[in-house]
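What follows is the residue order along each chain.
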Amino acid sequence: MAKKGIGVVQVYDGLIPAMRREGHTLEQISDRVGVTRQRVHQILKKFYPDVQPIALVEYRAAEVIGCSTYRLAILRKQGLLHPKRVNFYFRYSREDIKEAFLALQRSCPHCGEPVPLKNQIKYCLKCSADYRRNSYPFKSEEGKRKQLLANASWRERHPERAKEIAKKSSKAYRKRQKERSINQC
Ligand SMILES: [Zn+2]
(Lines give C-alpha, C1' and ligand atoms only; values in the text may rest on other atoms or scores of the structure.)
Protein backbone atom coordinates (compact mmCIF):
# COMPACT_ATOMS: atom_id res chain seq x y z
CA MET A 1 0.00 0.00 0.00
CA ALA A 2 2.78 2.40 0.94
CA LYS A 3 4.59 1.65 -2.32
CA LYS A 4 1.45 2.38 -4.29
CA GLY A 5 1.10 5.63 -2.38
CA ILE A 6 4.57 6.77 -3.37
CA GLY A 7 3.75 5.80 -6.96
CA VAL A 8 0.71 8.00 -6.91
CA VAL A 9 2.76 10.86 -5.55
CA GLN A 10 5.30 10.46 -8.32
CA VAL A 11 2.75 10.07 -11.11
CA TYR A 12 0.74 13.06 -10.14
CA ASP A 13 3.77 15.10 -9.11
CA GLY A 14 2.22 17.90 -7.15
CA LEU A 15 -1.35 17.57 -8.41
CA ILE A 16 -2.63 16.38 -5.04
CA PRO A 17 -1.10 19.25 -3.02
CA ALA A 18 -2.03 21.72 -5.76
CA MET A 19 -5.67 20.65 -5.69
CA ARG A 20 -5.66 20.69 -1.90
CA ARG A 21 -4.21 24.18 -1.86
CA GLU A 22 -7.02 25.30 -4.17
CA GLY A 23 -9.51 24.05 -1.62
CA HIS A 24 -10.68 20.82 -3.30
CA THR A 25 -12.05 18.28 -0.90
CA LEU A 26 -10.31 14.95 -0.31
CA GLU A 27 -13.22 13.37 -2.17
CA GLN A 28 -12.72 15.52 -5.25
CA ILE A 29 -8.99 14.78 -5.26
CA SER A 30 -9.59 11.05 -4.86
CA ASP A 31 -12.01 11.11 -7.82
CA ARG A 32 -9.46 12.86 -9.98
CA VAL A 33 -6.40 10.84 -8.97
CA GLY A 34 -8.15 7.50 -8.64
CA VAL A 35 -7.21 6.47 -5.10
CA THR A 36 -9.38 6.36 -2.04
CA ARG A 37 -10.17 9.42 0.01
CA GLN A 38 -8.29 7.93 2.97
CA ARG A 39 -5.22 7.40 0.75
CA VAL A 40 -5.29 11.04 -0.36
CA HIS A 41 -5.47 12.04 3.28
CA GLN A 42 -2.47 9.80 4.11
CA ILE A 43 -0.43 11.12 1.19
CA LEU A 44 -1.09 14.71 2.16
CA LYS A 45 -0.23 14.02 5.76
CA LYS A 46 2.95 12.11 4.96
CA PHE A 47 4.43 14.00 2.02
CA TYR A 48 2.86 17.45 2.18
CA PRO A 49 2.21 18.17 5.85
CA ASP A 50 2.42 21.96 5.31
CA VAL A 51 -0.16 22.18 2.54
CA GLN A 52 -3.28 24.02 3.64
CA PRO A 53 -6.29 24.89 1.51
CA ILE A 54 -6.09 28.56 0.56
CA ALA A 55 -9.48 28.69 -1.10
CA LEU A 56 -12.48 26.88 0.30
CA VAL A 57 -15.48 25.70 -1.66
CA GLU A 58 -18.64 27.59 -0.80
CA TYR A 59 -20.18 25.11 1.61
CA ARG A 60 -16.87 24.76 3.46
CA ALA A 61 -16.54 28.54 3.65
CA ALA A 62 -20.07 28.67 5.04
CA GLU A 63 -19.12 26.10 7.67
CA VAL A 64 -16.07 28.10 8.69
CA ILE A 65 -18.03 31.34 8.83
CA GLY A 66 -20.96 29.74 10.62
CA CYS A 67 -23.75 30.71 8.24
CA SER A 68 -25.75 28.91 5.59
CA THR A 69 -24.49 28.37 2.04
CA TYR A 70 -27.63 30.16 0.87
CA ARG A 71 -26.64 33.25 2.87
CA LEU A 72 -23.24 33.35 1.17
CA ALA A 73 -24.85 32.93 -2.23
CA ILE A 74 -27.11 35.92 -1.52
CA LEU A 75 -24.12 38.07 -0.52
CA ARG A 76 -22.35 36.95 -3.68
CA LYS A 77 -25.33 37.89 -5.85
CA GLN A 78 -25.56 41.25 -4.08
CA GLY A 79 -21.97 41.87 -5.18
CA LEU A 80 -20.65 41.99 -1.61
CA LEU A 81 -18.38 38.98 -2.10
CA HIS A 82 -16.17 38.16 -5.05
CA PRO A 83 -14.96 34.56 -4.72
CA LYS A 84 -13.12 33.21 -7.75
CA ARG A 85 -14.83 30.58 -9.82
CA VAL A 86 -12.75 27.48 -10.49
CA ASN A 87 -14.27 24.54 -12.39
CA PHE A 88 -17.84 25.75 -11.78
CA TYR A 89 -17.27 26.03 -8.02
CA PHE A 90 -16.86 29.27 -6.14
CA ARG A 91 -13.70 29.30 -4.06
CA TYR A 92 -13.29 31.45 -1.00
CA SER A 93 -9.80 32.69 -0.23
CA ARG A 94 -8.91 33.95 3.23
CA GLU A 95 -9.69 37.47 2.07
CA ASP A 96 -13.11 36.40 0.78
CA ILE A 97 -13.88 34.75 4.12
CA LYS A 98 -12.81 37.87 6.00
CA GLU A 99 -15.09 39.96 3.76
CA ALA A 100 -17.96 37.56 4.34
CA PHE A 101 -17.46 37.86 8.10
CA LEU A 102 -17.67 41.65 7.87
CA ALA A 103 -20.69 41.54 5.59
CA LEU A 104 -22.48 39.18 7.98
CA GLN A 105 -21.58 40.82 11.27
CA ARG A 106 -23.96 43.66 10.57
CA SER A 107 -25.69 45.76 13.13
CA CYS A 108 -29.20 47.13 12.89
CA PRO A 109 -29.09 50.60 11.24
CA HIS A 110 -31.98 51.71 13.48
CA CYS A 111 -30.96 50.60 16.98
CA GLY A 112 -27.45 49.16 16.59
CA GLU A 113 -28.39 45.69 17.82
CA PRO A 114 -26.74 42.84 15.89
CA VAL A 115 -28.75 41.40 13.02
CA PRO A 116 -28.93 37.58 13.12
CA LEU A 117 -26.53 35.94 10.68
CA LYS A 118 -29.06 33.70 9.01
CA ASN A 119 -31.73 36.34 8.47
CA GLN A 120 -32.15 38.11 5.16
CA ILE A 121 -33.28 41.31 6.81
CA LYS A 122 -31.96 44.83 7.05
CA TYR A 123 -33.05 45.60 10.62
CA CYS A 124 -32.89 43.45 13.75
CA LEU A 125 -35.90 41.26 14.53
CA LYS A 126 -37.58 43.78 16.82
CA CYS A 127 -37.08 46.72 14.45
CA SER A 128 -38.27 44.65 11.48
CA ALA A 129 -41.53 43.98 13.28
CA ASP A 130 -41.83 47.69 14.14
CA TYR A 131 -41.05 48.62 10.54
CA ARG A 132 -43.85 46.42 9.22
CA ARG A 133 -46.27 48.10 11.62
CA ASN A 134 -45.16 51.65 10.92
CA SER A 135 -42.20 52.66 8.74
CA TYR A 136 -42.39 56.39 9.57
CA PRO A 137 -39.83 56.37 12.45
CA PHE A 138 -37.34 54.63 10.14
CA LYS A 139 -37.38 57.39 7.56
CA SER A 140 -34.67 60.06 7.34
CA GLU A 141 -35.51 63.66 8.30
CA GLU A 142 -35.97 64.42 4.61
CA GLY A 143 -38.15 61.32 4.21
CA LYS A 144 -40.30 62.28 7.20
CA ARG A 145 -40.79 65.80 5.86
CA LYS A 146 -41.79 64.44 2.44
CA GLN A 147 -44.18 61.98 4.04
CA LEU A 148 -45.90 64.73 6.05
CA LEU A 149 -46.21 66.95 2.95
CA ALA A 150 -47.62 64.05 0.95
CA ASN A 151 -50.14 63.31 3.72
CA ALA A 152 -51.21 66.97 3.86
CA SER A 153 -51.67 67.21 0.11
CA TRP A 154 -53.64 63.95 0.10
CA ARG A 155 -55.95 65.29 2.83
CA GLU A 156 -56.50 68.44 0.74
CA ARG A 157 -57.45 66.38 -2.29
CA HIS A 158 -59.69 63.94 -0.35
CA PRO A 159 -61.28 65.94 2.48
CA GLU A 160 -64.15 63.48 2.99
CA ARG A 161 -61.93 60.39 3.15
CA ALA A 162 -59.50 62.23 5.40
CA LYS A 163 -62.30 63.09 7.83
CA GLU A 164 -63.46 59.47 7.87
CA ILE A 165 -59.96 58.17 8.53
CA ALA A 166 -59.38 60.71 11.27
CA LYS A 167 -62.61 59.61 12.92
CA LYS A 168 -61.73 55.94 12.62
CA SER A 169 -58.20 56.39 13.87
CA SER A 170 -59.36 58.41 16.85
CA LYS A 171 -61.91 55.69 17.63
CA ALA A 172 -59.13 53.11 17.46
CA TYR A 173 -57.02 55.33 19.65
CA ARG A 174 -59.79 55.53 22.29
CA LYS A 175 -60.19 51.75 22.12
CA ARG A 176 -56.47 51.25 22.66
CA GLN A 177 -56.50 53.66 25.59
CA LYS A 178 -59.43 51.79 27.10
CA GLU A 179 -57.66 48.43 26.71
CA ARG A 180 -54.52 49.87 28.24
CA SER A 181 -56.38 51.13 31.27
CA ILE A 182 -58.08 47.72 31.66
CA ASN A 183 -54.70 45.98 31.51
CA GLN A 184 -53.30 48.30 34.15
CA CYS A 185 -56.12 47.52 36.61
ZN1 LIG B 1 -32.97 47.23 15.57
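Refer to the structure above for everything that follows.
Let us look at the structure shown here.

Parameters and conventions
- Residues numbered from 1 in each chain as written.
- Predicted model: local features only at pLDDT ≥ 70, side-chain atom pairs only at ≥ 80, totals over all residues.
- Helix = DSSP H or I, 4+ residues; strand = E, 2+ residues; numbered from the N terminus.
- Buried ≥ 20, exposed ≤ 12 C-beta atoms within 10 Å, placed from the backbone.
- Contact = placed C-beta atoms within 7 Å.
- Arc of directions from axis to C-beta.
- Expected span 1.5 Å × (residues − 1).
- Pairing = 2+ DSSP bridges.
- Axes fitted to C-alpha atoms, helices over the stretch in contact; angles between N-to-C directions.
- Core = buried A, V, L, I, M, F, W, Y, C linked by C-beta atoms within 7 Å.
- Parallel < 35°, antiparallel > 145°, perpendicular 65-115°, else oblique.
- Left-handed = near helix turned anticlockwise from the far one by under 90°.
- Nonpolar A, V, L, I, M, F, W, Y, C, P; charged D, E, K, R; others polar.

## Examining the overall build of the chain
Part 1 of the argument: A tally of regular secondary structure across the chain gives 10 helices and 3 strands.
Part 2 of the argument: Along the chain, helices (α) and strands (β) appear in the sequence α-α-α-α-β-α-α-β-β-α-α-α-α when read from the amino end.
Part 3 of the argument: Counting the 185 residues in the chain, one finds 16% classified as buried.
Part 4 of the argument: Taking contacts inside the chain between residues at least 6 apart in sequence as the whole, the part at least 24 apart equals 49%.

## Some details on helix H7 (residues 94–104)
Part 1 of the argument: Buried residues of H7: Asp96, Ile97 and Ala100, and no others. Summarising the axial view, the buried residues of H7 lie within an arc of 100°, below the 170-degree limit, and thus occupy one face. H7 presents Arg94, Glu95, Lys98 and Leu102 as exposed residues on the side facing more than 90 degrees away from its buried surface.

## Quick word on helix H10 (residues 159–184)
Along an α-helix, residues three or four positions apart point the same way, because every turn accommodates 3.6 residues.
Part 1 of the argument: Under the 1.5 Å per step criterion, the end-to-end length of H10 is 37 Å for 26 residues, consistent within 8% with the ideal 38 Å.
Part 2 of the argument: Of all 26 residues that make up H10, 0 are buried, and the element is exposed over most of its length.

## Re the sheet that holds strand E3 (residues 89–93)
Part 1 of the argument: A sheet is described by the order of its strands in space; here 3 strands give the open sequence E1-E3-E2, paired in antiparallel fashion. What marks the edges here is a single partner per strand, and that holds for strand E1 (55–57) and strand E2 (84–86). Sheet twist, expressed as the average angle between the axes of neighbouring strands with direction ignored, equals 45°.
Part 2 of the argument: As paired strands, E2 and E3 are joined by 3 bridges and run antiparallel to one another. Among the inter-strand pairings, Val86 is bridged to a residue of E3, identified as Tyr89.

## Let's talk about the pairing of E3
Part 1 of the argument: Here E1 runs beside E3; their pairing, made up of 3 bridges, is antiparallel. The partner of Val57 across the bridge, within E3, is Arg91.
Part 2 of the argument: Where E2 hands over to E3, the hairpin turn is made up of 2 residues, of which Asn87 adopts a positive phi near 50°.

## Some points on the nonpolar core
Part 1 of the argument: Counting 13 residues, the largest nonpolar core has Ala61, Ile65, Leu72, Tyr92 and Ala100 as its most contacted members.
Part 2 of the argument: Going through the elements one at a time, E1, helix H5 (58–65), E3 and H7 are the ones with two or more residues in this core.
Part 3 of the argument: Each residue touching Leu72, except ones within four places of it in the same chain, is listed here: Glu58, Ala61, Ala62, Cys67, Leu81 and Ala100.
Part 4 of the argument: Within the second largest apolar cluster, 5 residues are counted, among which are Met19, Ile29, Val40 and Ile43.

## Describing the environment of Phe101
Part 1 of the argument: Tracing the backbone shows Phe101 in helix H7.
Part 2 of the argument: When the C-alpha atoms of Phe101 and Ile65 are compared, they prove to be 6.6 Å apart, with 36 residues separating the residues in sequence.

## Comments concerning the packing of H5 against H7
Each pair of packed helices can be summarised by the angle the axes make with each other and by the distance between the axes.
Part 1 of the argument: It is at 10 Å that the axes of H5 and H7 come closest, and there the two elements cross at 55°. Judged on the interaxial angle alone, H7 and H5 are oblique. Taken as a pair, H5 and H7 cross one another with a handedness that is right-handed. Contacts between H5 and H7 involve Ala61, Val64 and Ile65 from the first element and Ile97, Ala100, Phe101 and Leu104 from the second.
Part 2 of the argument: In the contact of H5 with H7, the residues fall into 7 nonpolar, no polar and no charged.

Purely geometric stuff here, so don't read any function into it on its own.
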